[in-house]
Amino acid sequence: MSELSTPVRRRRVHPAWWAAAATFLAIIGAAGFRSTPGVMVEPLHAEFGWSIGEISVALSVNLALFGLTAPFAAALMERFGVRQVVAVALAMVAVGAGLTVFMTASWQLVLLWGVIVGLGTGSMAMALVATVVGRWFVARRGLVTGILTAANATGQLIFLPVVAHVVESSGWRTASITVAAAALVVVPVVLLLLRNRPSDVGELPYGGTEADVVEPIRSGAARLAVGTLVRVARVRTFWLLVAGFFVCGATTNGLIQTHFVPAAHDHGMPATTAASLLALVGIFDVAGTVLSGWLTDRFDPRILLGAYYVLRGVSLALLVPLFGADLDASIFAFVIFYGLDWVATVPPTMALCREWFGSTAPIVFGWVFASHQLGAAAAALAAGLVRDALGSYDAAWYGGAILCVLAAIASLAIRRLRAPAPVPTPA
């Protein structure tokens, strides 16, 4: 009888995969919600007469909070549970997006879409990936990290065309209500499928043993997040990871996502064509991130990071002569290559956080991810100033290439550990 029952147990889907599926859905929604305001700039400007600068304040606040919320969200997940934090975050997105239909002043846009939606989407960012993967998976960690990270690009690909069509056909208010409704629809899925820990359903982590079970850290969320930062700030590896991810954000969201379209337009390429090329980057990002997760399970993550940053630097250095009024094979080659390398850095960076910081890895990665967003903000501003001062973006691309080389050096300087370093945690 036992021989017959064994195959049945093996065929059963491990609850870890249901947790990963619910997380994937939440991250898709967060990415879509965060990117939606971009298609509302012109309608809001036309209806209310707000300047682009006023509207951009809300987008900037949203972007900053998306990164800075991560370490505190990871701490809240330790204190109150993943399911509860994600459900509240989705409710915040629904409230923030839904109430925009009643706004009459630009400060209300900053409060609703900048602060409330920014905090909500930030609570479902990369810290959620680190928490779920660290708790639920031992085997296939790199692969699952890649898949969940790719959900960020998938969300933008799914939502942006839909929201843009809704804005064009029915107005921005209908689009806001659509986003609010989509966030509320995900809440019951999260409550049904996303448990806080494998022990909640009487399971061990996927591919793990009793030794892989980590007890929850019970402490105040803010104290836990800040206290973790104070402790890991004494660890050299933390600053090497921060340096690398700062460059990652600078050379993706800061340079390419923000300035690729205007730079291409400077060289005679229509803005719509350049935007379509940028959308292709997002498509190849999905494949590249999943592949990077697969590679992280098999190869030294330091070597992977070093290779990713060097290749990204080479592509940025070669970008200037590729721009032109017409599309050719070389610019498509850049789009494909850069897309594959877009956030391929996330799985090996998470792997090194787990290796060095053990149970505090999700919170540590939250701080590392915050540096990514700060790098993006710094590069977006610097590239704009370069364009104003020199009349072209050329120096910005070459500067990004140099930063990538420095990030590769920082990544290769990280030592490997066979067991997590003894980073103290609060009682």
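The structure displayed is predicted, hence computed values, not measured ones.

**Student:** How should the overall build of the chain be read in this particular structure?
**Tutor:** Scanning the chain from N- to C-terminus turns up 17 helices and zero strands. Burial analysis of the chain (427 residues in total) assigns 52% to the buried set. The contacts of the chain with a sequence gap of at least 6 include a subset with a gap of at least 24, amounting to 85%. By element, 69% of the accessible surface of the chain is carried by carbon and sulfur atoms, the whole surface being about 17,800 Å².

**Student:** Mind showing me how you'd approach the pattern of salt bridges here?
**Tutor:** Here the idea is simple: oppositely charged side chains can pair when their charged atoms come close. All told, the structure shown has four salt bridges when counted by the stated rule. Taking the shortest distance from any N to any O, the salt bridge between glutamate 47 and arginine 173 comes out at 2.7 Å. Taken as a pair, glutamate 47 in helix H3 (residues 41-48) and arginine 173 in helix H9 (residues 172-193) lie far apart in primary sequence, 126 residues in all. Assessed through its relative accessible area of 41%, glutamate 47 is described here as partly exposed. A residue is classified by how much of its surface remains accessible, and arginine 173, at 31% relative accessible area, is partly exposed.

**Student:** When you look at helix H7 (residues 126-136) in this model, what are you seeing that I'm missing?
**Tutor:** Structurally, the α-helix is built with 3.6 residues per turn, so residues lying three or four positions apart point the same way. Burial of H7 is extensive: 10 of the 11 residues sit out of reach of the surface. Of the positions making up H7, those classed as buried are Met126, Ala127, Leu128, Val129, Ala130, Thr131, Val132, Val133, Arg135 and Trp136.

**Student:** Teacher, can you tell me more about the packing of aromatic side chains here?
**Tutor:** Each aromatic ring pair is summarised here by two numbers: the centre-to-centre distance and the angle between the ring planes. This structure, assessed with the given rule, holds 12 aromatic pairs. Where tryptophan 17 meets phenylalanine 137, the ring centres are 5.0 Å apart and the plane angle is 70°; that geometry is what we call edge-to-face. Of this pair, tryptophan 17 sits in helix H2 (residues 15-35) while phenylalanine 137 sits in the loop between H7 and helix H8 (141-170), and the two are 120 residues apart along the sequence. On the accessibility criterion, tryptophan 17 (30% relative accessible area) is partly exposed. Members of the aromatic cluster, joined through ring pairs, are Phe260, Phe334, Tyr338 and Trp342.

**Student:** Can you help me understand the nonpolar core in this one?
**Tutor:** Side chains of nonpolar character tend, in soluble globular proteins, to be buried together. In this structure, Val86, Leu90, Met124, Ile256, Phe260, Phe365 and Trp397 are the most contacted members of the largest nonpolar core, which totals 120 residues. Ranked by the residues each element gives to this core, the list is headed by helix H11 (residues 236-266), at 13 residues. In contact with phenylalanine 365, other than residues within four places in its own chain, are Met126, Ala130, Phe245, Val346, Thr349, Met350 and Cys353.

**Student:** What is the right way to look at the environment of glycine 400 in this model?
**Tutor:** Structurally, glycine 400 can be placed in helix H17 (residues 394-412). On the accessibility criterion, glycine 400 (2% relative accessible area) is buried. Expressed as a C-alpha distance, the spacing of glycine 400 and alanine 317, which sit 83 residues apart in the sequence, is 8.1 Å. Apart from residues no more than four positions distant in its own chain, glycine 400 is found in contact with Thr251, Leu255 and Leu316.

**Student:** In this structure, what is going on with the environment of alanine 164? I would like to understand it.
**Tutor:** Examined against the element boundaries, alanine 164 turns out to sit in helix H8. Here the alpha-carbon distance between alanine 164 and alanine 175, two residues 11 residues apart in the chain, equals 8.2 Å.

**Student:** Where do I start with the confidence of the model for the chain in this structure?
**Tutor:** In the predicted model, the chain carries a mean pLDDT of 81, and 87% of its residues have values of at least 70. Across the chain, the secondary-structure element scoring lowest on mean pLDDT is helix H1 (residues 2-11), at 46, and the one scoring highest is H17, at 94. Counting contacts from residues 1-9, a segment whose pLDDT is below 50, to residues more than four positions away or on other chains yields zero contacts. Considering only residues more than four positions removed or in separate chains, one finds that residues 422-427, a stretch of pLDDT under 50, has 14 contacts.

**Student:** Sorry, what's going on with the state of the cysteines here?
**Tutor:** Working definition of a disulfide: a covalent bond connecting the sulfur atoms of two cysteines. Throughout the structure, instances matching the rule amount to zero disulfides. In this structure cysteine 248 is a free cysteine whose sulfur lies 8.5 Å from that of cysteine 404, the closest cysteine sulfur available. Residue class for cysteine 248 comes out buried when judged on its relative accessible area of 0%. Given the relative accessible area of 0%, cysteine 404 is considered buried.

**Student:** Would you take a moment to explain the side chain of histidine 372 for this structure?
**Tutor:** Looking at where histidine 372 falls in the secondary structure, it is placed in helix H16 (residues 361-390). Separated by 3.0 Å, the side chains of histidine 372 and glutamine 373 make a polar contact. Residue contacts for histidine 372: discarding those within four places in its chain leaves Phe245, Phe246, Cys248, Gly249, Ala250, Thr252 and Asn253.

**Student:** Explain helix H5 (residues 82-99) to me, please; I cannot follow it from the model alone.
**Tutor:** Its 18 residues give H5 an end-to-end C-alpha distance of 26 Å, which sits within 8% of 26 Å, the value for a rise of 1.5 Å per residue. Of the residues making up H5, those classed as buried are Val82, Val85, Val86, Ala87, Ala89, Leu90, Val93, Ala94, Gly96, Ala97 and Gly98.

**Student:** Please clarify how a nonpolar patch on the surface should be interpreted in this entry.
**Tutor:** Side chains of Ile402, Leu403, Val405, Leu406 and Ile409 sit close together on the surface and give an oily, nonpolar patch of about 450 Å² of accessible area. Position of leucine 406 among the secondary structure elements: in helix H17.

**Student:** Any chance you could explain the side chain of threonine 100 here in plain terms?
**Tutor:** As for its position among the elements, threonine 100 is in the loop between H5 and helix H6 (106-122). Not counting the four nearest positions on each side in its chain, threonine 100 is found in contact with Leu112, Trp113, Trp172 and Ser176.

**Student:** Got a minute to help me understand the packing of H5 against H9 in this structure?
**Tutor:** Between two packed helices, both the angle of their axes relative to each other and the distance between the axes serve to describe the pair. Where H5 meets H9, the axes come as close as 8 Å, and the angle between the chain directions of the two elements is 165°. Here H9 runs roughly antiparallel to H5, going by the angle between their axes. The crossing of H5 and H9 is left-handed. Across the interface between the two elements, Arg83, Val86, Ala87, Leu90, Val93, Ala94, Ala97 and Gly98 from H5 touch Ser176, Val179, Ala180, Ala183, Leu184, Val186, Val187, Val190 and Leu191 from H9. Tallied by class, residues from the contact of H5 with H9 come to 14 nonpolar, two polar and one charged.

**Student:** When you look at the environment of alanine 31 in this model, what are you seeing that I'm missing?
**Tutor:** If you trace the backbone, alanine 31 turns up in helix H2. When the C-alpha atoms of alanine 31 and threonine 121 are compared, they prove to be 7.4 Å apart, with 90 residues separating the residues in sequence.

What counts and what doesn't
Residues numbered from 1 in each chain as written. Predicted model: local features only at pLDDT ≥ 70, side-chain atom pairs only at ≥ 80, totals over all residues. Heavy atoms only, no water. Helix = DSSP H or I, 4+ residues; strand = E, 2+ residues; numbered from the N terminus. Buried < 20%, exposed > 50% of the residue type's maximum accessible area, 1.4 Å probe, protein only. Contact = heavy atoms within 4.5 Å. Areas by Shrake-Rupley, 256 points an atom, 1.4 Å probe, with all protein chains shown as cover. Salt bridge = Lys/Arg side-chain N within 4 Å of Asp/Glu carboxyl O. Phe/Tyr/Trp six-rings, centres within 6.5 Å; stacked < 30°, edge-to-face > 60°. Core = buried A, V, L, I, M, F, W, Y, C linked by side-chain atoms within 4.5 Å. pLDDT = per-residue confidence, 0-100. Disulfide = S-S within 2.5 Å. Polar contact = N/O pair within 3.5 Å; in protein donor to acceptor, adjacent residues only side chain to side chain. Expected span 1.5 Å × (residues − 1). Patch = residues over 30% accessible without salt bridge, like charges linked within 9 Å, V, L, I, M, F, W, Y side chains within 5 Å. Axes fitted to C-alpha atoms, helices over the stretch in contact; angles between N-to-C directions. Parallel < 35°, antiparallel > 145°, perpendicular 65-115°, else oblique. Left-handed = near helix turned anticlockwise from the far one by under 90°. Nonpolar A, V, L, I, M, F, W, Y, C, P; charged D, E, K, R; others polar.

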